Amino acid sequence: MQSPWTVLLAAPLCFLLPCHISASPDSDQPSPRHSHDYVCVGCVVVVSVIEQLAQVHNSTAQAAMERLCSYLPEKLFLKSTCYLVVGIFGPDIIKLLRADMTADVVCHTLKFCEQVPGQPLCHLYPLPKEAWKFTLENARQIVKGSPTLKHSRITSDICSLPFLAKICQEIKSTIQNSVPFKDVDSDKYSVFPTLRGYHWRGRDCNDSDDTVYPGRRPDNWDAHRDSNCNGIWGVDPKDGIPYEKKFCEGSQPRGIILLGDSAGAHFRIPPEWITASQMSLKSFFDLPTALTNEFNWPQLSGATGFLNSSSRIKENSIYLRLRKRNHCNHRDYQNLSKNGASSQNLERFIESLSRKELLDQPAIVIYAMIGNDVCSRGIDPVSEMTTPEQFYSKVMETLEFLNSQLPNGSHVILHGLPDGTFLWDYLHDRYHPLGQLNEDVTYEQFYSFLSCLQVTPCHGWMSSNQTLRALISQRAEQLSKTLKNIATSKKFTNFNLFYMDFDFQEMMKKWQKRGGQPWQLIEPVDGFHPNEVALLLLADGFWDTVQRQWPDVLGKENPFNPKIEQVFGDQGGH
């Protein structure tokens, strides 16, 4: 029999599934233990927010919980589920917070967190002055007899529920294979934005015809239909010449394809979601979109973003720069990044690449597995790192696959790995968003909490152990040298191969010249991923390097861009 906890959370959680909101580098299916550890983190965060909302608004915990629920959208049953959860667990949380129990104590008492025998106690906040066992026993006495304690928090897969089995399987397939959930003609392009739709790759302009999709060479110069979805089609009545032929022939159109990890997908949890002083009715407007994009924001990423930047800096994504250079490139982008992706598991989803060697335009492919080959969440991260030999083998497999798929005249750029020691250097003594109100949680504490639970995105670089951080960076440098050696020694028939360093220091200097600080380039909630500003500055550095060293990669500037705008406006938008 399913517990009410499972049924209650089934609707909204079916959109989370095993999408790894932590963007961790492990396998596609988290173990039951790690799934429970994610639940522990979630509990501590939510209880912290409730407590701080009450403090900010000088209200009761009950009012704070109701306020939090009122902020959530109706979509995906988020608001209604929140009220139901408050009805079940609210009374116990209120009793414990009234007794001045910390979020750690509350979640251990309610069995959302547990201390594994023989393992250290994982906690975010400073431990109580009294002994932990004494405090926990007192807390258990406060909620003794509560009916909610009878139900296990480590429940079976919600997809075992009969009414969710089919939809769960389809969503799991979408996430695991990185293909659109809604794709009528199965051409790997969609008219739906999320669930691997056009936020991730150019919007389909005819989802009932698999010969119509972004990036293909025009069919009969698109005299009668827009076969490549770039918004340029039809015949000029003045001379009878198809517009595609007139404006795009010889302009060297090309698309942009990113093979990346959570950084390339732009993994992000907005700080206003967990910062009580910033919360309002507007805070969670994008939550349904984020849920169905695996907590990624590819539509704002540095490589394939097509929406106006929310960071208000002037730099654009690589895709938007290519489109500005040649409007015939409109909608020709694919972001094949995935949370947890590495050289060792790319083969699981690289076949979601949509490029036909003989039918499509050339492409610029960026290979940017920049973290998970050296990052792990385990207690022994050094032994879990990819070796240079393993790395070489898998990268070569990927390049051979690309050579079999990409049209001739394409380009592949191998992106080096960063030296992630800057994470600790710039953040460890700063307050995490959960600790800013009361100055009680630093990033050092936050990193330690995640590492203790083994749900950290990168144990090595997020560790207080300087020697460990140095070892991780040393391996990252070795893998970057492997990429560089491949780029300088290997040749392929369908694409030119290049290597580019991940130059965080140069990006940081640019930001500091504008008056910024290095820590402002890192996502504040997870304390690990580059934020939107960093991604756009990286895109700017990428563009400058390519333009300076390999200008042919970018193709020509199209002199007909003004004419295209005059005739087709925004070319149907994105």
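Cut-offs used in this document
Throughout this description, residue numbers start from 1 for each chain and increase along the sequence as written. It should be noted that, the model being predicted, local features are given only for residues of pLDDT at least 70 and side-chain atom pairs only at 80 or more, the latter also being counted only at that level, while totals for whole chains, interfaces and linings use all residues. Side-chain calculation: all heavy atoms of the structure are included, whereas hydrogens and water are not. Only DSSP runs of H or I reaching four residues or more are called helices, and only runs of E reaching two or more are called strands; each is numbered from the N terminus. Between the two quantities, the radius of gyration covers C-alpha atoms and the globule rule is 2.2 Å times the number of residues to the power 0.38. Here the term buried applies to any residue with accessible area under 20% of the maximum for its type, exposed to any over 50%, and partly exposed to those in between, with areas from a 1.4 Å probe on protein chains only. Residues are treated as being in contact if the distance between any of their heavy atoms lies within 4.5 Å. Each accessible area is a Shrake-Rupley result for a 1.4 Å probe, and residues are judged covered by the shown protein chains and nothing else. In summary, the charge assignment counts Lys and Arg as positive and Asp and Glu as negative, without counting His or the chain termini. Charge placement uses NZ in Lys and CZ in Arg. For Asp and Glu, CG and CD serve respectively. Pairing between strands is defined by DSSP: at least two bridges between them are needed. Here a polar contact means two N or O atoms within 3.5 Å. Within protein one must be a hydrogen donor candidate and the other an acceptor candidate, and residues neighboring in sequence count only if both atoms are side-chain atoms. For a residue, the bend is simply the angle between two axes, fitted respectively to the seven-residue segment ending there and the seven-residue segment starting there. Working convention: axes come from line fits to C-alpha atoms, limited for helices to the stretch in contact. Angles between N-to-C directions cover 0 to 180 degrees. By the definition adopted for this analysis, an angle is roughly parallel if under 35 degrees, roughly antiparallel if over 145, roughly perpendicular if from 65 to 115, and oblique otherwise. What makes a crossing left-handed is the near helix being turned counterclockwise from the far one by less than a right angle; a clockwise turn instead makes it right-handed. We call Asp, Glu, Lys and Arg charged. Ala, Val, Leu, Ile, Met, Phe, Trp, Tyr, Cys and Pro are nonpolar, and the rest, Gly among them, are polar. Only one rule defines a salt bridge in this text: a Lys or Arg side-chain nitrogen within 4 Å of an Asp or Glu carboxyl oxygen. The set of buried Ala, Val, Leu, Ile, Met, Phe, Trp, Tyr and Cys residues whose side-chain atoms join them within 4.5 Å is what this entry labels a nonpolar core. For Phe, Tyr and Trp, where Trp contributes only its six-membered ring, two rings pair if their centres lie within 6.5 Å, and the inter-plane angle classes them as stacked under 30 degrees, edge-to-face over 60, or tilted in between. Here pLDDT means the predictor's own confidence in every residue, given as a number from 0 to 100. The span you would expect from a helix comes to 1.5 Å times its residue count less one.

Participant: Where do I start with the overall build of the protein chain in this structure?
Facilitator: Scanning the protein chain from terminus to terminus reveals 19 helices and five strands. Taking 2.2 N^0.38 as the reference for a compact globule, 574 residues should give roughly 25 Å; the C-alpha atoms of the protein chain span a radius of gyration of 25 Å, in line with that estimate. Here the protein chain holds 574 residues, and the buried ones make up 59% of them. Sequence separation of at least 24 residues holds for 70% of the intrachain contacts in the protein chain that already meet a minimum separation of 6. Surface accessibility of the protein chain: about 24200 Å² in total, with carbon and sulfur atoms responsible for 53%. Here the protein chain holds 56 positive side-chain charges and 63 negative ones, and the gap between their average locations is 2 Å.

Participant: For this particular structure, what's the right way to read the pairing of strand 4 (residues 410-415)?
Facilitator: For a regular strand, side chains alternate in direction, first toward one face of the sheet and then toward the other. Buried residues dominate strand 4, accounting for six of its six residues. Burial along strand 4 is two-sided: Ser410, Val412 and Leu414 and His411, Ile413 and His415, pointing in opposite directions, are all buried. Judged from the four bridges that link them, strand 3 (residues 363-368) and strand 4 form a sheet pairing that is parallel. The residue of strand 4 that forms the bridge with Val365 is Val412. Pairing of strand 4 with strand 5 (residues 495-500) involves six bridges; the strand directions are parallel. The residue of strand 5 that forms the bridge with Val412 is Leu497.

Participant: Explain the environment of Asn228 here, please?
Facilitator: Mapped onto the elements of the fold, Asn228 is located in the loop between helix 7 (165-177) and helix 8 (243-248). C-alpha separation for the pair Asn228 and Gly215, spaced 13 residues apart in sequence, amounts to 5.7 Å. Setting aside residues no more than four positions away along its own chain, Asn228 makes contact with Tyr213, Pro214, Gly215, Arg216, Pro218, Asp222 and Glu244. Within polar-contact distance, the side chain of Asn228 engages the side chain of Glu244 at 3.4 Å.

Participant: Any chance you could explain helix 4 (residues 78-98) here in plain terms?
Facilitator: Each full turn of the α-helix corresponds to 3.6 residues, which orients residues three or four apart in the same direction. At Phe89, helix 4 shows its maximal bend, which comes to roughly 55°, and the proline Pro91 appears one to four places after that position. Immediately beyond the C-terminal end of helix 4, within one or two residues, lies Asp100, with a positive phi of roughly 65°.

Participant: Can you walk me through the packing of helix 3 (residues 61-71) against helix 4 in this structure?
Facilitator: Pairs of packed helices are described in terms of their axes, by the angle between the two and the distance that separates them. Interaxial distance between helix 3 and helix 4 falls to 9 Å at its minimum, and their mutual angle equals 160°. Looking at the two axes, helix 3 sits roughly antiparallel to helix 4. In the crossing of helix 3 with helix 4, the sense of the turn from one axis to the other is right-handed. Between helix 3, through Ala61, Gln62, Met65, Glu66, Cys69, Ser70 and Tyr71, and helix 4, the contact on the second element is made entirely by Lys79, Cys82, Tyr83, Val86, Gly90, Ile94 and Leu97. Taken together, the residues of the contact of helix 3 with helix 4 sort by class into nine nonpolar, three polar and two charged.

Participant: Just to check I follow, could you spell out the packing of helix 11 (residues 318-325) against helix 18 (residues 532-549) for this structure?
Facilitator: As a packed pair, helix 11 and helix 18 sit with axes 9 Å apart at the nearest point and diverge in direction by 45°. Judged on the interaxial angle alone, helix 18 and helix 11 are oblique. Contacts between helix 11 and helix 18 involve Ile318, Arg321, Leu322 and Arg325 on the former and, on the latter, Ala539, Asp540, Phe542, Trp543 and Gln547. Split by residue class, the contact of helix 11 with helix 18 holds five nonpolar, one polar and three charged.

Participant: Just to check I follow, could you spell out the pattern of salt bridges for this structure?
Facilitator: For side chains of opposite charge, pairing can occur when their charged atoms come near one another. Within this structure, the stated rule accounts for 15 salt bridges. Across the pair Arg196 and Glu294 runs a salt bridge whose closest N-O atoms are separated by 3.1 Å. Of this pair, Arg196 sits in the loop between helix 7 and helix 8 while Glu294 is found in the loop between helix 10 (287-291) and helix 11, placing the two residues 98 residues apart along the sequence. Pair check on accessibility: Arg196 and Glu294 agree, each one buried.

Participant: What am I meant to see in the sheet that holds strand 2 (residues 333-335) here?
Facilitator: Working definition: the strands of a sheet are paired by backbone hydrogen bonds and lie parallel or antiparallel to each other. In space, the five strands of this open sheet follow the order 2-1-3-4-5, with parallel pairing throughout. Of all strands in the sheet, those with a lone pairing partner are strand 2 and strand 5, marking the two edges. Strand after strand, the sheet turns through a mean of 15° between neighbouring axes, direction not considered. The strands that helix 11 touches are strand 1 (255-260), strand 2 and strand 3; relative to strand 1, the one it contacts most, it runs at about 170°.

Participant: Where do I start with unusual backbone geometry in this structure?
Facilitator: Not every positive phi belongs to a glycine, and Asp222 is a case in point at roughly 50°. Examined against the element boundaries, Asp222 turns out to sit in the loop between helix 7 and helix 8.

Participant: I keep staring at the nonpolar core and nothing clicks. Help me out?
Facilitator: Nonpolar side chains in soluble globular proteins tend to end up buried together. Formed by 147 residues in total, the largest nonpolar core has its most connected members in Leu259, Leu399, Leu402 and Leu414. Ranked by residue count, the leading element in this core is helix 2 (residues 32-56), at 10 residues. Listed in part, the seven residues of the second largest apolar core include Phe247, Cys248, Cys328 and Ile564.

Participant: I tried to follow the side chain of Gln361 on my own but got confused; where do I start?
Facilitator: Along the chain, Gln361 turns up in the loop between strand 2 and strand 3. Discounting chain neighbours no more than four positions away, the residues touching Gln361 are Gly215, Arg216, Arg217, Pro218, Pro253, Arg355 and Pro407.

Participant: It is not clear to me how the packing of aromatic side chains should be interpreted in this structure. Could you clarify?
Facilitator: In this description, an aromatic ring pair is defined by two values, namely the gap between the centres and the angle between the planes. Under the criterion given, the structure shown has 15 aromatic pairs. Seen from their ring centres, Phe89 and Phe112 are 5.3 Å apart, and the 65° between their planes marks the pair as edge-to-face. Separated by 23 residues along the polypeptide, Phe89 in helix 4 and Phe112 in the loop between helix 5 (103-109) and helix 6 (132-142) bring together distant segments of the chain. Take Phe89 and Phe112: they sit in the same class, and that class is buried. The rings of Tyr243, Phe247, Phe560 and Phe568 are connected pair by pair, giving a single aromatic cluster.

Participant: How should I be thinking about the confidence of the model for the protein chain in this particular structure?
Facilitator: Fine structural detail should not be taken from predicted coordinates in areas where pLDDT scores are low. Confidence in the prediction for the protein chain averages 92 pLDDT; 92% of positions are at 70 or higher. Below a pLDDT of 50 lies the segment residues 1-22, which in the model reaches 68 contacts outside its immediate sequence neighbourhood of four places, other chains included.

Participant: Would you explain helix 16 (residues 466-489) in this entry?
Facilitator: Compared with the 34 Å implied by 1.5 Å per residue over 24 residues, the 35 Å span of helix 16 between its first and last C-alpha is a close match. Taken together, the buried residues of helix 16 touch strand 3, helix 12 (381-384), helix 13 (388-405), strand 4, helix 14 (421-427) and strand 5. The N-cap of helix 16, judged by a side-chain oxygen 3.0 Å from the amide nitrogen of Thr467 a few residues on, is Asn465.

Participant: Sorry, what's going on with the environment of Pro147 here?
Facilitator: By the secondary structure assignment, Pro147 is in the loop between helix 6 and helix 7. Through-space distance from the C-alpha of Pro147 to that of Ile88 is 9.0 Å; in sequence the pair is 59 residues apart.

Participant: Looking at this model, I keep getting lost on the environment of Val86. Mind explaining?
Facilitator: Looking at where Val86 falls in the secondary structure, it is placed in helix 4. Overall, Val86 belongs to the buried group, its relative accessible area being 14%. As for Val86 and Cys69, which are separated by 17 residues in sequence, their C-alpha atoms are 8.5 Å apart. Those residues in contact with Val86 that sit more than four places away from it in its chain are Gln62, Met65, Cys69 and Pro91.

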